[in-house]
Amino acid sequence: MKFFLLLLATLSFLFLTTYNATAQEASATHVGGYGEMTYTDPDGLTPGRLDIPRFVIFLSHQFSDKWSVKSETEIEHVRVEPGAPGGELEVEQAFLDFHYSKGFGLRGGLILIPAGIINQTHEPTTFLSVERPHVDLDVIPSTWRELGIGAYGDIGEHVKYQAEVTEGLNAAGFSTAGISEGRQEGVFSNPTSPGISAKLDFLPSNGLRIGASFYYQTNTATALSFQDSARLGQPISSSLVVAALDVRYDIGNAHLRGEIALDNVSHTSDLPQGVYSHVSGEYAEASYNVMSLISDASDAELLPFVRYEVESRGPILNPSWLIAGAALRPVDGVIVKLDYEWSMNIPTTSPGAKTRDGLFGFGLGFSF
Amino acid sequence: MRPFIAALLLIGSLTASASAQSVPEKAVSAMHRVFGESSLVQTYSLVIDSAESADVLDVTGETVSGRVNIREASDEMGTVIGYGIVDDVPGKEQPITYIAMMKRDGSIADIEVLVYRESYGGEVGYDQFRSQFRGKSNPRDIRVGRGIQSIAGATISSKAITNGAKKLLTLFQLWRKERKL
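None of the values given here were measured: they were computed from a predicted structure.

**Some words on the overall build of chain B**
(1) Moving on: Assigned secondary structure in chain B consists of five helices and seven strands.
(2) Moving on: Reading the secondary structure of chain B in the N-to-C direction produces α-α-β-α-β-β-β-β-α-β-β-α.
(3) Moving on: Buried positions account for 53% of the 181 residues belonging to chain B.
(4) Moving on: Counting only contacts in chain B whose residues sit at least 6 apart along the sequence, the fraction spanning at least 24 positions is 55%.
(5) Moving on: Looking at chain B as shown, the accessible area adds up to about 7,900 Å², and 52% of this sits on carbon and sulfur atoms.

Here's what the structure looks like:
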């Protein structure tokens, strides 16, 4: 009932605020997309692997200056064929957007949770390594999207806000590998215990952006109950906090970015499977556009980079990674990547752990 | 819950009367802000011939041909104070409509985003980004990483507006040559 009232109020609000508005420009449908092709070769016994991890089509339509619909449809790992190896065909985002003013907008549908750097900005042309940072996969379950509604806008000219209420994660999918398999992603999902998320971005100067994000869910275990004879059938309750801080700093041709993220799951001993109560990770990355030193006329970018990542997962040693490589952006929207990753303290016995010592990567990416 | 609904309805009814401006109206408002509320704005056409088109391509890497509308702001005495050109550049998913306003001396007076349609971004409208363009008179000085600092986390729109401003300043210089300003 509460949800219905909220929906009614929101719709009334939208109707009233748009009553006098007139469409200013001709309607426009936009098609775009992004994709990446990768070759990864772990050191040791296993052979290398060629893949198209993601191929995505954007489709958006502008009904008026204020109303639009936006969508991203993704094919992971080239093809989807029942019974055959391959990937997934999925809607990654699909939402109605009401952009009322600089200070206030609403979006409703399958939306991205505002958390960290990569989750909302994940086109392969925006990050330099062949693979996304570990922290943005293991701690923040990118690409993390759920059904719900959210508000966004600017507060003055230095602060941006986002706040969302979405379906929550389902602890049945949690494991020692993390919370990512708990995402419901809008598939016949259970809205009983919604997730509340918010992000603030501070922009003290053009080149500097500092983000702080927070996600809270009262109970991720609404679909679970105790199975032991003493408490058989009794409900389990386990809350979840996902918090992150991120920084992006561009100084001329030098670029720095870093992130700290953590997951906190309560009452993990009540959950039937092994789940770590506290998982955290951080990384720092530096790159420099050396093309600015080579040619003054060229708009191409050549960015050697180095990134260090470390995670803390349950009782195991802190796994860490050092990634060094270079990315070339010959024109806007195209990227060619080459990198090497050294892994340290990766326990081979832990479920979900990666067993490689080193990983060579080559990638081609585009976005338009 | 009830106060929240009441507040939403109240905000809704208060803002319902705020009527939206069209792009030409927004362009005139921007020019009034920069060149004075009492300035008179008239629109002229600049016809780009093939030689001029090649010049623009050389400086900006973009092809412009046909007619470009140039808005001219003059004071009550009829003296021209400045000019404005409206343009669209591609954003991440939707075009960004903006205006570049130039002084008679050939320098940029200001730029302003007239319509931003996306839910992410929009920082190109912030004064700290726009102020970098003011006073620039050589289009070759308008480049991300060299003269213009892009916005962290909003590189696509920063580059789009920077390349757009470079193009409009180049076009304005053709107009100055044609008008012998």
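**Here we look at the environment of S205(A)**
(1) Moving on: In this structure, S205(A) sits in strand β8 (residues 195–205).
(2) Moving on: In sequence terms S205(A) and H267(A) are 62 residues apart; their C-alpha atoms lie 42 Å from each other.

**Side note on the nonpolar core**
(1) Moving on: Core analysis: the biggest nonpolar cluster contains 36 residues, and V68(B), I85(B), F133(B), I161(B) and L171(B) have the highest contact counts within it.
(2) Moving on: Elements represented by at least two residues in this core include exactly β1 (40–48), β2 (66–74), β3 (80–90), β4 (95–103), β5 (108–115) and α5 (155–179) of chain B.
(3) Moving on: Looking at this core element by element, the count peaks at nine residues for α5(B).
(4) Moving on: Discounting chain neighbours no more than four positions away, the residues touching I85(B) are V68(B), N69(B), I70(B), Y98(B), I99(B), A100(B), M102(B), L168(B), L171(B) and F172(B).
(5) Moving on: I179(A), L240(A), V275(A) and Y276(A) belong to the second-largest nonpolar core, a separate cluster that totals 28 residues.

**Topic: the confidence of the model for chain A**
Residues and elements named next belong to chain A.
(1) Moving on: With 89% of its residues at a pLDDT of at least 70, chain A reaches an overall mean of 88.
(2) Moving on: For chain A, per-element mean pLDDT is lowest for helix α1 (residues 2–18), which scores 50, and highest for strand β9 (residues 208–217), which scores 98.
(3) Moving on: Segment residues 15–26 is flagged for pLDDT under 50; beyond a separation of four residues in sequence, or across chains, it makes 25 contacts in the model.

**What to know about the packing of aromatic side chains**
(1) Moving on: Tallied over the entire structure, the rule returns twelve aromatic pairs over all chains.
(2) Moving on: Between W144(A) and Y215(A), the aromatic rings sit 4.6 Å apart at their centres with planes inclined by 55°, giving tilted as the arrangement. Of this pair, W144(A) sits in the loop between α2 (135–138) and β6 (145–155) while Y215(A) is found in strand β9, placing the two residues 71 residues apart along the sequence.
(3) Moving on: Among the residues examined, W144(A) registers a relative accessible area of 0% and is labelled buried.
(4) Moving on: Here Y215(A) falls in the buried class, since its relative accessible area comes to 2%.
(5) Moving on: Seen in terms of ring centroids, Y83(B) and F172(B) are 5.1 Å apart; in terms of plane orientation they differ by 50°. Their pairing is tilted.

**Thoughts on the pattern of salt bridges**
(1) Moving on: A complete count under the given rule lists 36 salt bridges over all chains for this structure.
(2) Moving on: For D270(A), the salt bridge goes to R231(A), with nearest N and O atoms at 3.9 Å. You can see D270(A) sitting in the loop between β11 (254–265) and β12 (278–288) and its partner R231(A) sitting in the loop between β9 and β10 (240–251), a full 39 residues away along the chain.
(3) Moving on: Here R130(B) and D110(B) are joined by a salt bridge, their closest N and O atoms 3.0 Å apart. One end of the pair, R130(B), is in helix α4 (residues 127–130); the other, D110(B), is in strand β5, and 20 residues separate them in sequence. Both residues of the pair, R130(B) and D110(B), belong to the buried class.
(4) Moving on: One network of salt bridges, with partners in common, ties together R33(B), D110(B), E112(B), D127(B), R130(B) and R134(B).

**Focus on the pairing of β10(A)**
Residues and elements named next belong to chain A.
(1) Moving on: Across ten bridges, β9 lies against β10 in antiparallel orientation. Paired with S213 across the strands is A244, a residue of β10.
(2) Moving on: Both β10 and β11 contribute to a ladder of twelve bridges, which runs antiparallel. Of the residues in β11, the one forming a bridge with V242 is D263.
(3) Moving on: A loop of two residues connects β10 with β11, the two strands running antiparallel in sequence, and G252 in this loop sits at a positive phi of about 60°.

**A word on unusual backbone geometry**
A negative phi angle characterises most non-glycine residues, just as the trans form characterises most peptide bonds.
All names here are of chain A.
(1) Moving on: In this structure, T143 follows S142 across a cis peptide bond, with omega equal to -5°.
(2) Moving on: With respect to the secondary-structure elements, T143 resides in the loop between α2 and β6.
(3) Moving on: A positive phi angle, close to 40°, is found at F188, a residue other than glycine.
(4) Moving on: Within the secondary structure, F188 is located in the loop between β7 (159–166) and β8.
(5) Moving on: What makes F188 exposed here is its relative accessible area of 85%.
(6) Moving on: Despite not being glycine, H267 shows a phi value in the positive range, around 50°.
(7) Moving on: Relative to the elements of secondary structure, H267 occurs in the loop between β11 and β12.

**Side note on the environment of R176(B)**
Residue and element names in this part refer to chain B.
(1) Moving on: With respect to the helices, strands and loops of the structure, R176 is situated in helix α5.
(2) Moving on: Separated by 70 residues in the primary sequence, R176 and G106 have C-alpha atoms spaced 7.6 Å apart.
(3) Moving on: For R176, the residues in contact, after removing those within four places along its chain, are R104, D105, G106 and L181.

Calculation criteria
Think of each chain on its own: its residues are numbered from 1, step by step along the sequence as written. Note on labels: chains are lettered from A, ligands numbered from 1, in written order. Where totals are concerned, whole chains, interfaces and linings use all residues; where local detail is concerned, this predicted model gives features only for residues with pLDDT of at least 70, and gives and counts side-chain atom pairs only at 80 or more. Here the side-chain values reflect all heavy atoms present in the structure, with hydrogen atoms and water set aside. What counts as a helix is a DSSP run of H or I of at least four residues, what counts as a strand is a run of E of at least two, and both are numbered from the N terminus. A simple rule labels every residue: compare its accessible area, found with a 1.4 Å probe on the protein chains alone, to the largest value its type can have, and call it buried under 20%, exposed over 50%, or partly exposed in between. The contact criterion used is simple: two residues touch if any of their non-hydrogen atoms lie within 4.5 Å. What sets the accessible areas is the Shrake-Rupley method with a 1.4 Å probe; for residues, cover comes only from the shown protein chains. In this description, a nonpolar core means a group of buried Ala, Val, Leu, Ile, Met, Phe, Trp, Tyr and Cys residues linked to one another through side-chain atoms lying within 4.5 Å. Confidence scores here are pLDDT values: one per residue, from the predictor, ranging 0 to 100. The aromatic pairing rule takes the rings of Phe, Tyr and Trp, using the six-membered ring of Trp, and pairs them if the centres are within 6.5 Å, calling planes under 30 degrees apart stacked, those over 60 edge-to-face and the rest tilted. Put simply, a salt bridge is a Lys or Arg side-chain nitrogen that is within 4 Å of an Asp or Glu carboxyl oxygen. Note: two strands are recorded as paired if DSSP finds a minimum of 2 bridges between them.

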